[in-house]
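# Observations on chain architecture
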Amino acid sequence: MELWSTIPESELITKLCVFVPIILFGLLGNGILLEVIFSNRTLRTPSHLLIANLVVTDFLTLLVCPIFFMTHDFFQNYLLGPVGCKLEGLIEGGLLVTSVLGMCVISYDRLSAVVLSSGTRLKGRGTVAAIAFCWIVGFSIAMPLSLYRHFKVRNWKDLIEMYCYEDRSILATYWEFLLVMLVWVPLGVMLVAYTLIIVKLDRYERNALRRQHPMVVRYKSRVAKTLYIVLLAFIVVRVPFTIMVFVYYNIEHIEYYQFSESFIFVWWLAKVAFIFLNAAVNPLIYGLTNKTFKKALRGSKILQCLCRLPPEEVRIVFIPQLNR
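This structure is a prediction, so every number in the text was calculated from the model and none was measured.

Our focus in this paragraph is the pattern of salt bridges. Counted by the stated rule, this structure contains one salt bridge. The partner of Glu88 in a salt bridge is Arg149, with the nearest N and O atoms 3.0 Å apart. One end of the pair, Glu88, is in helix α3 (residues 81-114); the other, Arg149, is in strand β1 (residues 149-156), with 61 residues separating them in the sequence. Under the relative-accessibility criterion, Arg149 is labelled buried at 8%.

Below, the discussion takes up the environment of Val180. Residue position: Val180 is located in helix α6 (residues 168-210). Linking Val180 and Thr242, residues 62 residues apart in sequence, is a C-alpha distance of 9.3 Å.

Moving on: the UniProt feature "transmembrane region" (unreviewed entry) in the chain. Feature annotation in UniProt places "transmembrane region" (unreviewed entry) on residues 12-38, 50-69, 89-108, 128-148, 177-201, 227-251 and 263-288, given in this structure's numbering. Each end of residues 50-69 is marked by a C-alpha atom, and these two atoms are 28 Å apart; helix forms 100% of the span and strand 0%. Annotation note: span residues 177-201, helix share 100%, strand share 0%, distance between end C-alpha atoms 35 Å.

Our next topic: α3. In a regular helix each residue adds 1.5 Å, so 34 residues correspond to 50 Å; α3 covers 50 Å between its end C-alpha atoms and thus fits that length. Of all 34 residues in α3, 26 are buried; the element is thus mostly enclosed.

Moving on, we get to the state of the cysteines. For the structure shown, the criterion picks out one disulfide. Residue Cys85 pairs covalently with Cys164 via a disulfide, S to S 1.9 Å. On the sign convention where negative means left-handed, the S-S torsion of about 70 degrees between Cys85 and Cys164 marks this disulfide as right-handed. Linking Cys85 in helix α3 with Cys164 in strand β2 (residues 159-166), this pair joins segments that are 79 residues apart in sequence. Cys164 shares its class with Cys85; the two are buried.

Moving on, we come to the packing of helix α2 (residues 46-74) against helix α9 (residues 261-286). Direction vectors running N to C along α2 and α9 enclose 155 degrees, while the axes themselves pass 10 Å from each other. Looking at the two axes, α2 sits roughly antiparallel to α9. Pair α2 / α9 crosses with left-handed handedness. Across from Ile51, Leu54, Asp58, Thr61, Leu62, Cys65, Pro66, Phe69 and Asp73 in α2, the residues of α9 making contact are Trp268, Lys271, Val272, Ile275, Phe276, Ala279, Ala280, Asn282 and Tyr286. Split into classes, the residues belonging to the contact of α2 with α9 amount to 13 nonpolar, two polar and three charged.

Moving on: the packing of aromatic side chains. The geometry of an aromatic ring pair comes down to the distance between the two centres and the angle between the two planes. Under the definition given, this model contains seven aromatic pairs. Judged by centre distance (6.1 Å) and plane angle (45 degrees), the ring pair of Phe69 and Trp268 falls under tilted. With a gap of 199 residues between them, Phe69 in helix α2 and Trp268 in helix α9 connect regions that are remote in the sequence. Look at Tyr78 and Phe151: their rings are 6.3 Å apart centre to centre, the planes differ by 55 degrees, and that puts the pair in the tilted class. Of this pair, Tyr78 sits in the loop between α2 and α3 while Phe151 sits in strand β1, and the two are 73 residues apart along the sequence. Residue Tyr78 is classed as buried on the basis of its relative accessible area of 4%. Ring-pair connections join several aromatic residues into one group, and the members of that group are Phe19, Phe69, Trp268 and Phe276.

Reading the values: rules and limits
- Counting restarts for each chain: residues are numbered from 1 in the order of the written sequence.
- Thresholds applied to this predicted model are a pLDDT of at least 70 for local features of residues and 80 or more for the giving and counting of side-chain atom pairs; totals over whole chains, interfaces and linings are not thresholded and use all residues.
- Side-chain descriptors were evaluated using all non-hydrogen atoms of the structure, hydrogens and water having been removed beforehand.
- Within this document, salt bridges are pairs made up of a side-chain nitrogen of Lys or Arg and a carboxyl oxygen of Asp or Glu, the two lying within 4 Å of each other.
- The numbering of helices and of strands both runs from the N terminus, where a helix is a DSSP run of H or I of at least 4 residues and a strand a run of E of at least 2.
- Burial classes follow relative accessibility: with a 1.4 Å probe on protein chains only, a residue under 20% of its type's maximum area counts as buried, one over 50% as exposed, and anything between as partly exposed.
- UniProt positions are given in the numbering used here, feature names are shortened, and annotations may be inferred rather than shown by experiment.
- For a helix, the expected span equals 1.5 Å multiplied by the number of residues minus one.
- Sulfur atoms of two cysteines make up a disulfide when they are within 2.5 Å.
- To get an axis, a line is fitted to the C-alpha atoms, and for a helix only the part in contact is used. The angle between two axes follows their N-to-C directions and goes from 0 to 180 degrees.
- The labels follow the angle: roughly parallel below 35 degrees, roughly antiparallel above 145, roughly perpendicular from 65 to 115, and oblique for the rest.
- When the near helix sits turned anticlockwise from the far one by under a right angle, the crossing is termed left-handed; a clockwise turn instead gives a right-handed crossing.
- Contacts were defined at the residue level, with two residues in contact if any of their heavy atoms lie within 4.5 Å.
- Side-chain classes follow a simple rule in which Ala, Val, Leu, Ile, Met, Phe, Trp, Tyr, Cys and Pro form the nonpolar group, Asp, Glu, Lys and Arg form the charged group, and the remainder, Gly included, forms the polar group.
- Only the six-membered ring of Trp is used, alongside the rings of Phe and Tyr, when aromatic pairs are assigned; centres must lie within 6.5 Å, and planes under 30 degrees apart are stacked while those over 60 apart are edge-to-face, with the rest tilted.

Now the structure itself:
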């Protein structure tokens, strides 16, 4: 067995070149959306607060989880100790489940706005309750990732080995349930919600075309475009990790199995995409596909600093659009 303290320098540089830009891009994107939402009173509606909840979840994922991820991946010994071993799975799993539950609530909110009656829409207290539900249920579902992870220290030859391991006899079944919650449940909810929206808009479209009114047609096109973007994002960031977990937990005698270097690197890429790329692209999906957000982005102070836009020019464009 080969002994090492850190991964080779070339591998470290390669991984950082992939990992760091995703983190920085995601923090910037989520930070801009948060700034836009909380600096504009017109965006503090139930629908936008649900998106803000998703943005907060993704921002925390990109801010906190890289500490666990890099420490766990770059060093052979587990350096975070027993507390880190327990918290790593709970925090990562909790934020991931909370995020997908937030996506489901956003899908329901859009469905209720177009298809269902006005009485089914989330309002003040309902929105707060939905957000609290996402966080409480999300971290409750992730609790086994804390309860069945253990930190061990043992002497091996002249070295002290520290590692964090999962109880595979229990978590192998749990991971199947968790992947259903993280992948297939939100995907199914979004597919049903957006399909019903498109079907409803298709009926309006027929009447609109007869009256030569293209507004509904354009709205239907935007909804379909959003659906395609959501599906593509799910396929890119979630399906590879789902396949890798299935392979990992279905290999017998895993403790004696030697994975190839290519398999290990693909596993690493799948985890980065599943945890971090997903959190980084969510601002693009739920921010830039939202017409109100796109208008409000022109008033972002962060973007003004980055793009060095003259304040007078921003006010001229931004204020009339908010007053509509």
